[in-house]
Amino acid sequence: MAITLEGNGFEAETETDADGRWSIGVPEKATYTVTLDEDTLPDGVVVSEGSATRDAEFGLTKNASVNFFLGEGVRTTVSFFDQFVQRAINGLNFGLLLALAAIGLSLIFGTTGLSNFAHAEMVTFGALMVLTFGVNFAWPLWAAIGIALLLSAALGWGLDAVIWKPLRKRGVGLVQLMIVSIGLSLAMRYTYQFFYGGSTSQLPGATLPADIRFGAVALSWIDIASMGVSVVVLMAVGYFLLRTRIGKATRAVSDNPSLAAASGIDVDRVIRIVWVLGAVLAGLAGILWAYFRPGVSWDMGFQILLLIFAAVTLGGLGTAFGALVGSIIVGLFVELSTLWLPSDMKYVGALVILILVLLFRPQGILGRRERIG
């Protein structure tokens, strides 16, 4: 039987002896993942479900034991079609939550021209606030989520009032603004690490089993709620942009700020509203991302930042509905690509798709003169 050990930059393989014993030396104290290759088990022998991979901490003593409990049984496999359908649903779920963050980023870019790298930390902020109030303070989950979204809105308002509006008034260029956003991103991210530590925590209900089945698809109530919330919020954002006065003003500012100002539109007020809306969408995306992963960590937003930018660019820079389309494509590709690619490569594949699309359509899928809508 084949055994693989990896972790902390170290990887090794070995095979068991005739009695099923094995040993691997590790270079330093760390937690490693030990995997038993089920394909190498003798016929009629199986390992209990979900226990073929185990985490073990080596190095605290001279030796550490990891046991795999085997028994008689029939090993079941999942067909390619069933795997495809399950991962397609997971990709749709991921794409929808990615769209929430991408649309917020796209709205900000459309009205200000700023590529906001600190958007990742706005994503993380929403999840950390739910962790603070829902776990640390043990408040009801609905209250914790509500407060997290309100605080996200306040964060967006404060960032624009304290940093971005004064810089705009001083005529700071877009390149300098982007550099400021990178510095702000680093400052916020390591502030999160200072107060919350480097570990990963779980939100209430994040580990619910996927016990709801629709044929080959297995979902949890969290998955269904996540997709439902995403769809409703995205529809509301679409209505806001297309049907409300503020939404139309937002599109006007995006198209031509000077003309919008001459027409009597308060450009600064529109931009402030966009920052608040973008922060709320980012915070909500962070909450849903914490359930999808699952887990809350200080750098969780940064982990999907490139995918958010990829979705925005793929759909068309500054185009909110393009960001939605780009996010769905990225989400589906990320999950479906694991049918053929190692899971560690799935994010790289999404960026390759981005490059290929831009080679043939540089403006993005829905890119046009209007930056939003």
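Here the structure is a predicted model, which means the values were calculated and not measured.

Caption draft 1: Quick peek at a negative patch on the surface. A cluster of acidic residues, Glu6, Glu11, Glu13, Glu15, Asp37 and Asp39, forms a negative patch on the protein surface. Ranked by residue count, the leading element in the negative patch is strand S2 (residues 10-15), at 3 residues. Tracing the sequence through the fold places aspartate 39 in the loop between strand S3 (30-36) and strand S4 (45-47). For aspartate 39, a relative accessible area of 67% corresponds to the exposed category.

Caption draft 2: Layout of the packing of helix H6 (residues 245-255) against helix H8 (residues 267-292). Between H6 and H8, the least distance of the axes is 10 Å, while the angle of their chain directions is 110°. Taken together, H6 and H8 sit at an angle that is classed as roughly perpendicular. Residues Ile246, Ala249, Thr250 and Val253 of H6 form the contact with H8, whose own contacting residues are Val267, Arg269, Val270, Ile273 and Val274. Classifying every residue of the contact of H6 with H8 gives 7 nonpolar, 1 polar and 1 charged.

Caption draft 3: Quick look at the UniProt feature "transmembrane region" (unreviewed entry) in the chain. Under the feature "transmembrane region" (unreviewed entry), the UniProt entry names residues 94-117, 137-159, 171-192, 212-242, 273-292, 304-334 and 346-366. Secondary structure over residues 137-159 splits into 83% helix and 0% strand, and the C-alpha atoms at its two ends are 26 Å apart. Taken end to end, residues 304-334 has its terminal C-alpha atoms 11 Å apart, with 84% of it in helix and 0% in strand.

Caption draft 4: Quick look at the side chain of serine 152. Relative to the helices and strands, serine 152 is located in helix H3 (residues 141-169). Each residue touching serine 152, except ones within four places of it in the same chain, is listed here: Phe125, Gly126, Ala279, Val280 and Gly283.

Caption draft 5: Structural context of the pattern of salt bridges. Applying the stated criterion across every chain, the model contains 4 salt bridges. The residue glutamate 121 makes a salt bridge to arginine 189 at a minimum N-O spacing of 3.2 Å. Here the residue glutamate 121 occupies a position in helix H2 (residues 119-136), and arginine 189 occupies one in helix H4 (residues 174-196), the gap between them amounting to 68 residues. Between arginine 272 and aspartate 160 there is a salt bridge, with its nearest N and O atoms 2.5 Å apart. You can see arginine 272 sitting in helix H8 and its partner aspartate 160 sitting in helix H3, a full 112 residues away along the chain. Where salt bridges share partners, they join Asp160, Arg168 and Arg272 into one cluster.

Rules used throughout
Residues numbered from 1 in each chain as written. Predicted model: local features only at pLDDT ≥ 70, side-chain atom pairs only at ≥ 80, totals over all residues. Heavy atoms only, no water. Patch = residues over 30% accessible without salt bridge, like charges linked within 9 Å, V, L, I, M, F, W, Y side chains within 5 Å. Areas by Shrake-Rupley, 256 points an atom, 1.4 Å probe, with all protein chains shown as cover. Salt bridge = Lys/Arg side-chain N within 4 Å of Asp/Glu carboxyl O. Lys, Arg positive; Asp, Glu negative; His and termini not counted. Charge placed at Lys NZ, Arg CZ, Asp CG, Glu CD. Helix = DSSP H or I, 4+ residues; strand = E, 2+ residues; numbered from the N terminus. Buried < 20%, exposed > 50% of the residue type's maximum accessible area, 1.4 Å probe, protein only. Axes fitted to C-alpha atoms, helices over the stretch in contact; angles between N-to-C directions. Parallel < 35°, antiparallel > 145°, perpendicular 65-115°, else oblique. Contact = heavy atoms within 4.5 Å. Nonpolar A, V, L, I, M, F, W, Y, C, P; charged D, E, K, R; others polar. UniProt positions renumbered as here; feature names shortened; annotations may be inferred.

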